[in-house]
Amino acid sequence: MTDKIFLKALQGEVLPKPPVWLMRQAGRYLEEYRQVREKAGSFLNLCYAPELAAEVTLQPIRRFGFDASILFADILVVPDALGQKVTFESGEGPRLEPITDLTGLKQLDLALVDEKFNSVAETVRLLRAGLPKETTLIGFCGSPWTVATYMVAGKGTVNQGPARMAAYSDPEFFGQLIDILVEASIDYLSRQVEAGAEVLQLFDSWSGSLPEVEFERWVIEPTARIVSALRTKYPDVPIIGFPRGAGPLYQRYIEAIDVQGVSVDETISASWARDHLQSKVTVQGNVDSFALMAGGDALKAQVEGVMEAWSKGPYVFNLGHGIQQFTPVAHVEQMLKWVRG
Ligand code: CP3
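Since we're looking at a predicted model, the values are computed, not measured.

Caption draft 1: Focus on the overall build of the chain. A count of helices and strands for the chain gives 16 helices and nine strands. The C-alpha atoms of the chain give 19 Å as radius of gyration, which agrees with the globular expectation for 341 residues (20 Å, within 12%). The dimensions of the chain, computed from C-alpha atoms along their principal axes, are 55 × 45 × 40 Å. For the chain, the share of sequence-separated contacts (at least 6 apart) that also reach a separation of at least 24 residues comes to 73%. Of the roughly 14,000 Å² of accessible surface on the chain, 51% is carried by carbon and sulfur atoms. Looking at the chain, you have 32 positive and 42 negative side-chain charges, and the mean spots of the two groups are 4 Å apart.

Caption draft 2: View of the environment of tyrosine 168. By the secondary structure assignment, tyrosine 168 is in helix H9 (residues 161-169). Residue tyrosine 168 is classed as partly exposed on the basis of its relative accessible area, which comes to 48%. Separated by 46 residues in sequence, tyrosine 168 and glutamate 214 place their C-alpha atoms 9.1 Å apart. Contacts of tyrosine 168, omitting those with residues within four sequence positions, involve Pro211 and Glu214.

Caption draft 3: Spatial organisation of the layout of surface pockets. Put simply, the largest pocket is a space of about 1,300 Å³. Lining the largest pocket are 37 residues, with Arg24, Arg28, Phe43, Asp74 and Phe88 positioned closest to its centre. The set of elements that each furnish at least two residues to the lining of the largest pocket consists of helix H2 (31-40), strand S2 (86-89) and strand S3 (93-96). Considering every element that reaches the lining of the largest pocket, the biggest residue donor is H2, with three residues. Considering only residue class, the lining of the largest pocket consists of 19 nonpolar, eleven polar and seven charged.

Caption draft 4: Here's a closer look at the pattern of salt bridges. Counting across every chain of the model gives 16 salt bridges. In this structure, the salt-bridge partner of aspartate 114 is arginine 191, at a minimum N-O distance of 2.9 Å. One end of the pair, aspartate 114, is in helix H7 (residues 114-130); the other, arginine 191, is in helix H10 (residues 171-195), and 77 residues separate them in sequence. For glutamate 304, the salt bridge goes to lysine 300, with nearest N and O atoms at 3.8 Å.

Caption draft 5: Summary view of empty space enclosed by the protein. Under the defined criterion, the tally for this structure stands at one cavity of 30 Å³ or more. What the largest cavity holds in volume is close to 40 Å³. Lining the largest cavity are Ala9, Glu13, Val14, Leu15, Lys17, Pro18, Pro19, Gly313, Pro314 and Tyr315. Looking at side-chain class alone, the lining of the largest cavity contains seven nonpolar, one polar and two charged residues.

Caption draft 6: Focus on unusual backbone geometry. At arginine 24, a residue that is not glycine, the phi angle is positive and equals roughly 60 degrees. Structurally, arginine 24 can be placed in the loop between helix H1 (5-10) and H2. According to the relative accessible area criterion, arginine 24 is exposed, its value standing at 53%. You will see that glutamine 160, though not glycine, has its phi angle at about 55 degrees, which is positive. One can find glutamine 160 in the loop between helix H8 (144-153) and H9.

Caption draft 7: Representation of the packing of H8 against H10 within the structure. Remark: H8 packs on H10, axes separated minimally by 10 Å, with the N-to-C direction vectors making an angle of 120 degrees. Taken together, H8 and H10 sit at an angle that is classed as oblique. Pair H8 / H10 crosses with right-handed handedness. Contacts between H8 and H10 involve Pro144, Trp145, Val147, Ala148, Met151 and Val152 from the former and Phe173, Phe174, Leu177, Ile178, Leu181 and Val182 from the latter. In the contact of H8 with H10, the residues fall into twelve nonpolar, no polar and no charged.

Caption draft 8: Main features of the site of the ligand. Around the ligand, the surrounding shell holds 22 residues, and the nearest of these are Tyr33, Arg37, Asp74, Ser205 and His321. Separating an oxygen atom of the ligand from a side-chain N or O atom of tyrosine 33 is a distance of 2.5 Å. At a separation of 2.5 Å, an oxygen atom of the ligand approaches a polar side-chain atom of serine 205. Taking 870 Å² as the accessible area of the ligand by itself, protein coverage stands at 87%.

Here is what the cut-offs are and how they apply
- Residues numbered from 1 in each chain as written.
- Predicted model: local features only at pLDDT ≥ 70, side-chain atom pairs only at ≥ 80, totals over all residues.
- Heavy atoms only, no water.
- Helix = DSSP H or I, 4+ residues; strand = E, 2+ residues; numbered from the N terminus.
- Rg over C-alpha atoms; globule rule 2.2 N^0.38 Å.
- Contact = heavy atoms within 4.5 Å.
- Areas by Shrake-Rupley, 256 points an atom, 1.4 Å probe, with all protein chains shown as cover.
- Lys, Arg positive; Asp, Glu negative; His and termini not counted.
- Charge placed at Lys NZ, Arg CZ, Asp CG, Glu CD.
- Buried < 20%, exposed > 50% of the residue type's maximum accessible area, 1.4 Å probe, protein only.
- 1 Å grid on protein atoms, 1.4 Å probe; cavity = no way out; pocket = protein on both sides within 12 Å on 5 of 7 lines; lining within 4 Å.
- Points joined across faces, edges and corners; volume = space filled by probe spheres on them.
- Nonpolar A, V, L, I, M, F, W, Y, C, P; charged D, E, K, R; others polar.
- Salt bridge = Lys/Arg side-chain N within 4 Å of Asp/Glu carboxyl O.
- Axes fitted to C-alpha atoms, helices over the stretch in contact; angles between N-to-C directions.
- Parallel < 35°, antiparallel > 145°, perpendicular 65-115°, else oblique.
- Left-handed = near helix turned anticlockwise from the far one by under 90°.
- Near = heavy atom within 4 Å.
- Polar contact = N/O pair within 3.5 Å; in protein donor to acceptor, adjacent residues only side chain to side chain.

Fair warning: the whole summary comes from geometry, so function is off the table for now.
Okay, here's the thing in structure tokens:
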């Protein structure tokens, strides 16, 4: 039995008020984050400095009292730890030395990951010691497809074209890349659980760019392998999947993968999610992060819409995607008042 309402919701309990946290709740919209970020130098330095990473993870908990806290790190820690060169240019997003064929895969080595994965695990350890007792700690990684889209293109892309091309024209290479990511992700998430992560979330931000057959092969299949390995090792750790943009394939995703929760993006209607997802898993979402940035009546309508549609089943209040950089803190406070009453 647990007193943590986020865990209760993931165990299927229907609660009078939902637990609430926000994707990207630690970040540049917070003044106190920007200060630590500057002190850390590069973004990846911040990810690998346990004291600082724990500090920025705790900032939104202190300010807003969210029910869950997500480890501060990034999905691109995995390629970085495997040996690919990764940097974050300010204002430009991530840059990687692209890996586009079997020869390129040789620079990746599963034996290299110890130091970097362990420093993230150390952040998790500090957090378990520093979080309030009612707050649940979430560990995470990117799903193989989404991480691969960055590894192949060397940067973020509007349509994930380079990875889609590689998957069609060199499936041998692309399949091996995905296999490496499956193994590395199981290792990485296992270390997070051993260090104290109580829930895991798998971010598949670009799953919406694949047709059905490719979705099955590059989203469902590798994610199912990761989830079943973790389920076997840690049967009591709930897992939340986030196949962003999957549309009706959300349903296939929760049927094929043993997740306890599913994070729903803002393009899915809350009543559709209630009818097709909430009877099987806990749903999480799905206020538009731009409505939060805009605030006012538009935000209020969305908050009420989600709560009305989902309140008869298990759910977690969240956004449909990460919080936007220029979101006013006052809008977050207002939203929490509406949610918590
Ligand atoms: O608070 C949290 O949610 C925990 C930390 C977290 C970050 N990234 C910190 C971050 C998490 C869970 C992520 C996930 C992540 N990272 C995803 C999946 C979710 C999503 O947003 O779709 C993806 C695709 C990435 C890769 C990534 N990291 C990109 C494309 C960028 C650049 C875009 C941007 O917003 O600048 C990042 C950088 C990043 N990751 C920042 C933060 C707080 C901002 C960089 C900075 O502070 O300089």
